[in-house]
Amino acid sequence: MAMAISFSLILLSLLAFAEAGLIGVNYGRIADNLPSADKVVQLLKTQGITRVKLYDADSVVLNALAGSSISVVVALPNELLSSAAGGQSYTDTWVQSNVAKYYPSTKIEAIAVGNEVFVDPNNTTQFLVSAMSNVHASLVKYNLDSAIKISSPIALSALQNSYPSSAGSFKSDLIEPVIKPMLDFLQKTGSYLMVNAYPFFAYESNANVISLDYALFRTNAGVVDSGNGLRYSSLLEAQLDAVFAAMSALQYDDIKMVVTETGWPSKGDENETGAGAENAAAYNGNLVKRVLTGSGTPLRPKDPLNVYLFALFNENQKTGPTSEKNYGLFYPNEEKVYDIQLTSNNISTAVNESKTQVSGGGGQTWCVANEKAGKEKLQAGLDYACGEGGADCRPIQEGASCYDPDSLEAHASYAFNSYYQKKARVSGTCDFGGAAYVVTQAPKYGNCEFPTGY
């Protein structure tokens, strides 16, 4: 079963355990009945939410967040892009008035320049990269560029192809004018791509094809990417890997990603298939557990998932279908729309199926081998898990219950999972230098049953 691997290679494969991802929330304010900013900050603290994203740089909100240690993403709205692109004098004033004035008392960590600009009906795409560059130059002027990143959230509609994930590509008319210049900027400044991704929209439009369990991070058969053979157990991860693939197709393999919006509506119109409190609780609850206990996506298993849920409150003045007003985790009176875990405390509590009171964080998880890591890393991880790591590898010995199928991937998956379960599924115990990742469906290798605890 084991090939000879030097001790140094074993150590190399274990040097970097993937960190747990981070959960934040979008604080939208298109409503006339929301609590005061001071009360909102207290709510965030009570719920253990340590990261918040705004859609502007409102002075009342930024002052309320001062001294709270809550990390903040502020925004330069689309309507200001043309002015910001026009010259650094404008962005100098904007950064001074909306960022430097509050930092570091208010823990501003990033600026979202515009939001889903490519679908802005006012055609602001042409201004985006110049605006980003000018804002960055202003941060440099005020010595804030090392502390505050700049990016711009894109919608999945920026993709020409998204299925299978490995075939992900950007729309051809966006690549040269804006995608490449923006990715160049992110690469040069050490920033990350902001992505807004909503499995709800894909499910709503294709409910006859897409499994609801697949969309909600529930146990499901998964989907195998026909291009690279990777198995996906959630639609969101498949969507994100399509963006990674699109960047790779343009030779941008080193840019990381933050999911700046994702969520599921607790109420919708009759034709909005899938909208409802039960599904919203399942999606957000299971997503939080996935982020806080797992590694990255199948294509980028070592990059933690960092996610901002949409949204903090239901917003009664939003236009569009009923769902648009009902993405909130909380009602304006600060009562929960449904009860889910938002922090790592007791995160293993399962989401139940109640339509009126849905509580807990998520379901069972397992650790499996990442075949893309290569044979050397898999073997090194297997040797460590079965040796120093203390995994129970007796079932994968020849003649034992899990020896078949006799493959490195199957044996490594069993050993990695045994180690992961023995370590109580603690964050970072399913990585093995990028050779493993967490899944939310029971692994299937022959007739072998993977343990869920010891």
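Numbers given to residues run from 1 along each chain, matching the order in which its sequence is written. Local features are withheld for residues below a pLDDT of 70 in this predicted model, meaning they are given only at 70 or higher, and side-chain atom pairs are given and counted only at 80 or more; totals for whole chains, interfaces and linings count all residues. In computing side-chain values, all of the structure's heavy atoms are included and hydrogens and water are not.

### Description of the environment of T452
Each helix is a run of H or I in the DSSP string that is no shorter than four residues. Each strand is a run of E no shorter than two, and both are numbered from the N terminus. Within the element layout of this structure, T452 appears in the segment after β15 (436–439). Relative accessibility decides the category of a residue: with a 1.4 Å probe and only protein chains considered, values under 20% of the type maximum give buried, values over 50% give exposed, and everything between is partly exposed. Take T452: its relative accessible area is 38%, and that puts it in the partly exposed class. For the pair T452 and Q364, spaced 88 residues apart in sequence, the C-alpha separation works out to 7.5 Å. Beyond its immediate chain neighbours, meaning those up to four positions away, T452 contacts Q364, W366, Q421 and R425. Two residues form a contact once any of their heavy atoms are found within 4.5 Å.

### Remarks on the packing of helix α5 (residues 88–100) against helix α6 (residues 128–141)
Whenever a helix is involved, its axis is fitted only over the stretch in contact; in every case the axis is a line through C-alpha atoms, and angles between N-to-C directions fall within 0 to 180 degrees. The geometry of α5 relative to α6 is characterised by a closest axis approach of 8 Å and an angle of 60° between their N-to-C directions. As the angle between them shows, α5 and α6 are arranged oblique. When you trace α5 past α6, the crossing you get is right-handed. For the pair α5 and α6, the contacting residues are Q88, T91, D92 and V95 in the first and N134, V135, A137, S138, L139 and K141 in the second. Each angle gets one of four labels, with under 35 degrees taken as roughly parallel, over 145 as roughly antiparallel, 65 to 115 as roughly perpendicular, and the rest as oblique. When the near helix sits turned anticlockwise from the far one by under a right angle, the crossing is termed left-handed; a clockwise turn instead gives a right-handed crossing.

### What to know about the sheet that holds strand β5 (residues 149–151)
Pairing between strands is defined by DSSP: at least two bridges between the two strands are required. The nine strands are arranged β5-β4-β3-β2-β1-β13-β12-β9-β6 in an open sheet whose pairing can be described as parallel. The sheet is open, and its two edges are formed by β5 and β6 (154–155), each paired on a single side. In the sheet, β6 pairs with strand β9 (residues 193–196) via two bridges, with the strands oriented parallel. When the bridges of β9 are listed, A155 appears paired with N196. Contacting β5, β6 and β9, helix α7 (residues 172–189) runs over the sheet at an angle of about 170° to β5.

### A word on unusual backbone geometry
Note that the residue after Y103, namely P104, is joined by a cis bond; omega there is 10°. Here the bond from F310 into A311 is cis, since omega is 10°, no more than 30 degrees from zero. Unusually for a residue other than glycine, Q251 sits at a positive phi of about 70°. Tracing the backbone shows Q251 in the loop between α10 (235–249) and β12 (257–262). The exposure class assigned to Q251 is exposed, which follows from its relative accessible area of 61%. One non-glycine residue, A424, lies in the positive phi region at around 65°.

### Focus: the confidence of the model for the protein chain
As a per-residue measure, pLDDT reflects the predictor's confidence and takes values from 0 up to 100. Per-residue pLDDT for the protein chain averages 90, and the proportion of residues at 70 or more is 92%. Overall, residues 1–17 carries pLDDT values under 50, and its contacts beyond four positions in sequence, including any with other chains, amount to 32 contacts. In the model, residues 348–362 has pLDDT below 50 throughout and makes 45 contacts with residues more than four positions away in sequence or in other chains.

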